[in-house]
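# Examination of the molecular architecture
One-letter residues, chain by chain:
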Amino acid sequence: MMTETSSPPDAPSSSRTDAPMRSAATALFGTLARPVRVDLDAGAWMPERLIITIDGPAGTGKSTVARLLAKRLGVDFLDTGAMYRAAALIAVDRGLSAADGQRVVDRVRGVDMRFDWTTDPPDLLCDGQSVMKRIRDDDVTRIVSPIAGIAELRRVMVDRQRDIAAVHSRLVTEGRDQGSVAFPDADVKLFMFASAEVRARRRTEELKARGIPADEARILAEIIERDRSDTTRAVGPLVCPADAQRVDTSALSIEHVVDELERRVRAAVAADRLGSGGAAGAP
Ligand code: DC
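This text gives an overview of the structure that appears in the document. Owing to the predicted nature of the structure, the values given are computational and were not obtained by experimental measurement. (Residues numbered from 1 in each chain as written. Predicted model: local features only at pLDDT ≥ 70, side-chain atom pairs only at ≥ 80, totals over all residues. Heavy atoms only, no water.)

### Considering the overall build of the protein
Secondary structure summary: the protein contains 10 helices and 9 strands in total. The buried share among the 283 residues of the protein stands at 51%. Relative to all contacts within the protein whose residues are 6 or more apart in sequence, the contacts with residues 24 or more apart total 78%. Accessible surface for the protein amounts to roughly 12,400 Å². Of this, 53% is attributable to carbon and sulfur atoms. (Helix = DSSP H or I, 4+ residues; strand = E, 2+ residues; numbered from the N terminus. Buried < 20%, exposed > 50% of the residue type's maximum accessible area, 1.4 Å probe, protein only. Contact = heavy atoms within 4.5 Å. Areas by Shrake-Rupley, 256 points an atom, 1.4 Å probe, with all protein chains shown as cover.)

Below is the structure:
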């Protein structure tokens, strides 16, 4: 069961503070050249429905970028990785593994999983309890990719994601299969990537900035393994949709990536308005 709080889909996110997001961004990409800009003028150019998908491997800064982009545009942000992490947490808590397939799906179905859209980022609640901190722990991270490979579980999650988009029709949704499976008719599809080495370095720096000791070689090995698992699973593998715009984040600061994505989204919306039908193919 997936339900939602009643906050309006287009609540002005610019009223929320930038500070936590900026520090997370700084930890991920290093010192920002300029402060994050918030577009207070969102809305005038905004269509009624705008589904923007951002897919890509772990460590490209997708979540941070997707969140900042949503904030700039004044739309909602859906972290689908958090949903799979919550499913993995439910499995861990009940002593289940991916090998238990259907039992994991049954357990996940039995949990009331909902986002609280009044917080930034939206808080993920399982049976009323926030799981946002717990789902980043090592024991959850270790099994989330195989758990996300359970075909029936993916169907459940994709249904829930579509239900959310039906209510939150202006949405930046981020994951692995958002443009390919969940929202094949999305208005703008983006695919972020960076070399495994760059991603391992960023993750190491992020952990060190939080005072957590980090072994870059081990992190690199884990990233390579997670990429392999995410790209080779039979259902909902990580793929770049043919009609997605690819963005290499290896050499870009987070603010530059957000600038670039915002530019592309605006160009796509403008092209669509002009009737060129070029939303997904805008430069
Ligand atoms: O983005 P993340 O690291 O929080 O994702 C956690 C895991 O969930 C990762 O192994 C990929 C998987 N995932 C997925 O299979 N499909 C999605 N739409 C989002 C995440």
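Picking up where we left off.
### Some points on the nonpolar core
One finds Val108, Met113, Leu124, Ile147, Leu153 and Met157 to be the most contacted residues of the largest nonpolar core, which totals 39 residues. Mapped onto this core, the elements with two or more residues apiece are helix 3 (80-93), helix 4 (101-109), strand 4 (113-116), strand 5 (123-126), helix 5 (138-148) and helix 6 (151-167). Top element by residues in this core is helix 3. It accounts for 9 residues. Residues within four places of Leu124 in sequence aside, it is in contact with Ala82, Met83, Ala86, Met113, Arg114, Phe115, Gln129, Ser130, Val131 and Met132. Counting residues in each nonpolar core, the second largest holds 25 residues, with Val172, Ile254, Val257 and Val269 among its members. (Core = buried A, V, L, I, M, F, W, Y, C linked by side-chain atoms within 4.5 Å.)

### A short note on the pairing of strand 9 (residues 245-248)
Residues Gln245 and Val247 point to one face of strand 9 and are all buried, whereas Arg246 and Asp248, pointing to the other face, are not buried. Pairing between strand 8 (residues 188-193) and strand 9: 4 bridges, direction parallel. Bridge pairing in strand 9 links Met192 to Val247. (Pairing = 2+ DSSP bridges.)

### A look at the site of the ligand
Close to the ligand lie 16 residues, the nearest being Arg85, Arg154, Arg176, Asp177 and Arg233. The contact in question runs from an oxygen atom of the ligand to an N or O atom on the side chain of Arg176, over 3.0 Å. Within the side chain of Arg226, one N or O atom sits 3.2 Å away from an oxygen atom of the ligand. Surface burial for the ligand is 96%, taken as the share of its 450 Å² of free accessible area covered by protein chains. Those elements that provide at least two residues to the shell around the ligand are helix 3, helix 5 and helix 9 (216-232). When its residues are assigned to classes, the shell around the ligand shows 3 nonpolar, 5 polar and 8 charged. (Near = heavy atom within 4 Å. Polar contact = N/O pair within 3.5 Å; in protein donor to acceptor, adjacent residues only side chain to side chain. Nonpolar A, V, L, I, M, F, W, Y, C, P; charged D, E, K, R; others polar.)

### Re helix 9
Compared with the 24 Å implied by 1.5 Å per residue over 17 residues, the 24 Å span of helix 9 between its first and last C-alpha is a close match. Those residues of helix 9 not exposed but buried are Ile219, Ile223, Asp227, Ser229 and Asp230. Residues of helix 9 that are buried in the fold lie against helix 5 and helix 8 (196-209). Capping of helix 9 at its N-terminal end is provided by Asp215; its side-chain oxygen lies 3.0 Å from the backbone amide nitrogen of Ala217. (Expected span 1.5 Å × (residues − 1).)

### Here we look at helix 5
All of the buried residues along helix 5 are Val140, Val144, Ser145, Ile147 and Ala148. Seen end-on, helix 5 carries its buried residues on one side only, within an arc spanning 165 degrees. Structural note: helix 5 exposes Asp138 and Arg142 on the side pointing more than 90 degrees away from its buried face. (Arc of directions from axis to C-beta.)

### Examining the sheet that holds strand 8
The 5 strands are arranged 3-7-2-8-9 in an open sheet whose pairing can be described as parallel. Of all strands in the sheet, those with a lone pairing partner are strand 3 (76-79) and strand 9, marking the two edges. Going across the sheet, the axis of each strand differs from the next one's by a mean of 20 degrees, ignoring polarity. (Axes fitted to C-alpha atoms, helices over the stretch in contact; angles between N-to-C directions.)

### Section: the packing of aromatic side chains
Counted according to the given criterion, the structure contains 1 aromatic pair. Between Phe115 and Trp117, the ring centres sit 5.6 Å apart and the planes meet at 50 degrees, which makes this aromatic pair tilted. Comparing Phe115 with Trp117, the two get one shared label, buried. Here Arg246 stacks its cationic end above the ring of Phe193, 4.3 Å away from the centre of that ring. (Phe/Tyr/Trp six-rings, centres within 6.5 Å; stacked < 30°, edge-to-face > 60°. Lys NZ or Arg CZ within 6 Å of the ring centre and 35° of its normal.)

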